[in-house]
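Analysis of the macromolecular model
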Amino acid sequence: MHILDGKVLSAQVEAEIKQRVDKMLAKGQVPGLEVILVGEDPASQLYVGNKEKACARLGLFSKTVRLPENTTQEKLEEAIREANENPAVHGVLVQMPLPGHLDANRAIELILPDKDADGFHNVNFGKLLRGEPGPVACTPQGVMYMLKASGIDVTGMDAVVVGRSNIVGKPMAVLLMHQNATVTICHSKTRNLAAHTRRADILVAAIGKPKFITADMVKKGAVIVDVGMNRVDGKFCGDVDFEHVKEKANWISPVPGGVGRMTIAMLMTNTVNAAEKAFG
Ligand code: GUN
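Residues numbered from 1 in each chain as written. Predicted model: local features only at pLDDT ≥ 70, side-chain atom pairs only at ≥ 80, totals over all residues. Heavy atoms only, no water.

Side note on the packing of aromatic side chains
Selection criterion: The pairing test for Phe, Tyr and Trp rings, Trp by its six-membered ring, is centres within 6.5 Å, and the orientation test on the planes gives stacked under 30 degrees, edge-to-face over 60, and tilted for anything in between. Both a distance and an angle decide whether a charge sits over a ring: NZ of Lys or CZ of Arg must be within 6 Å of the ring centre and within 35 degrees of the ring normal.
Here the structure, examined in full by the defined rule, presents zero aromatic pairs. Lying over the aromatic face of Tyr47, Lys51 brings its terminal NZ or CZ to 3.6 Å of the ring centre.

Focus: helix α2 (residues 42–58)
Definition in use: For the purposes of this entry, the term helix denotes a DSSP run of H or I that reaches at least four residues, the term strand denotes a run of E that reaches at least two, and both are numbered from the N terminus. Under the convention used throughout, the expected extent of a helix is 1.5 Å for every residue step, that is, one less than its residue count. Exposure categories follow from relative accessible area, calculated using a 1.4 Å probe and restricted to protein chains: below 20% of the type maximum is buried, above 50% is exposed, and the middle band is partly exposed. The contact definition used throughout considers only heavy atoms, calling two residues in contact when any of these lie within 4.5 Å.
In this model α2 runs 25 Å from its N-terminal to its C-terminal C-alpha over 17 residues, within 8% of the 24 Å that 1.5 Å per residue would give. Within the sequence span of α2, burial applies to Ser44, Val48, Gly49, Lys51, Ala54, Cys55 and Leu58. In this structure, the buried residues of α2 make contact with α1 (6–26), β2 (32–38), β3 (61–67), β4 (91–94) and α10 (259–279). Looking one or two residues beyond α2, the residue adopting positive phi is Gly59, at roughly 90°.

Quick notes on helix α3 (residues 73–85)
Short version of the rule: Directions pointing from the helix axis toward each C-beta atom define the arc.
Across its 13 residues, α3 extends 18 Å between first and last C-alpha, which sits within 8% of the 18 Å expected from 1.5 Å per residue. Among the residues of α3, those classed as buried are Gln73, Leu76, Glu77, Ala79, Ile80, Ala83 and Asn84. Looking straight down α3, one finds that the buried residues subtend no more than 155° of arc, so they occupy a single side. In this structure, α3 carries Glu74, Lys75 and Glu85 as exposed residues pointing more than 90 degrees from its buried face. Contact partners of the buried residues in α3: β2, β3, β4 and α4 (104–110).

Observations regarding the site of the ligand
This is how the line gets drawn: Throughout this document, a residue counts as near a molecule or strand when at least one of its heavy atoms sits within 4 Å of that molecule or strand. Any N or O atom pair separated by 3.5 Å or less is treated as a polar contact, with the protein-specific requirement of one donor-capable and one acceptor-capable atom, and with residues adjacent in sequence counted only for side-chain atom pairs. Nonpolar residues are Ala, Val, Leu, Ile, Met, Phe, Trp, Tyr, Cys and Pro. Charged residues are Asp, Glu, Lys and Arg, and all others, Gly as well, are polar.
Contacts to the ligand come from Tyr47, Leu93, Val94, Gln95, Met96, Asp118, Phe120 and Ile167. At 2.9 Å, a backbone N or O of Val94 approaches a nitrogen atom of the ligand. Take Asp118: an N or O atom from its side chain is 2.6 Å from a nitrogen atom of the ligand. Residues of the shell around the ligand, tallied by class, amount to six nonpolar, one polar and one charged.

Some remarks on the sheet that holds β4
Keep this limit in mind: By the convention used here, strands pair only if DSSP detects at least 2 bridges between them. Only the stretch in contact is used when a helix axis is fitted, and all axes are lines through C-alpha atoms; the angle between N-to-C directions ranges over 0 to 180 degrees.
The strand order across the open sheet built from three strands is β3-β2-β4, with neighbouring strands paired in parallel fashion. The sheet terminates laterally at β3 and β4, the two strands that pair on one side only. In this sheet, adjacent strand axes meet at a mean angle of 15° when their direction is disregarded. Direction of pairing for β2 relative to β3: parallel, over a ladder of seven bridges. Directly across from Leu33, in β3, lies its bridge partner Ser62. Strand contacts of α2: β2, β3 and β4, with the helix running at about 160° to β3, the strand carrying the most contacts. Where α3 meets the sheet, its contacts fall on β2, β3 and β4, and the angle it forms with β2 comes to roughly 180°.

Structure follows, in structure tokens:
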């Protein structure tokens, strides 16, 4: 069994980014990321804190706008417009999930596609589907980096993605398809989920339920990627029952220390890409 090690691999990405940032800084060009966070969701707080730390490590300008849980759509959109117009900001990100009374799609569509650090805008989502270059959602992009850096070629593999969100499941499936995997997307309405997951040469769990994927649901020798980030008794754990599934897997990503680190590294990549483009 091998570990898909987010600590090692994200450090590798960060080293590459650091060189690019240093080159820009030498020219007086500072890449900048703005995060807009609404409310107090604990996973979001952790994620946003880690983004701020990553910006500090790599020398990026970082701005976080914190809005209260009961913020109006107007206030949120005002913050996005300000970020769009701020020349110090090259990447803009609205942290998901937003409180239920806010329209996430409308908010995302307001972000300038060139500043869309998440690749969530319809323009960038469309580019991803067509296989054109553009910013790609950070978590799925991070997973693809992990696989490639670990020498795992998914060509011809049966890939099963559990979860159909716009943030992870859908872009993940598209990226795997582009790398020539045969992709199945499963979700909460899938009949006999285990019959699908047991066929998977590569299984991506993006469900949001702690330890949902058990050893009897995986194929021996499979690649297991755990995108889960669940809080149980104050501790974060994944969607995969790591202790038991690791006995059957050939490759497996832990939580923490797995995909989460890659998400941050890819966010830095998307921001630096946007900044290099902006500075010309
Ligand atoms: N919430 C969980 N993952 C993400 C992400 O990659 N981007 C944003 N904006 N929100 C998230």
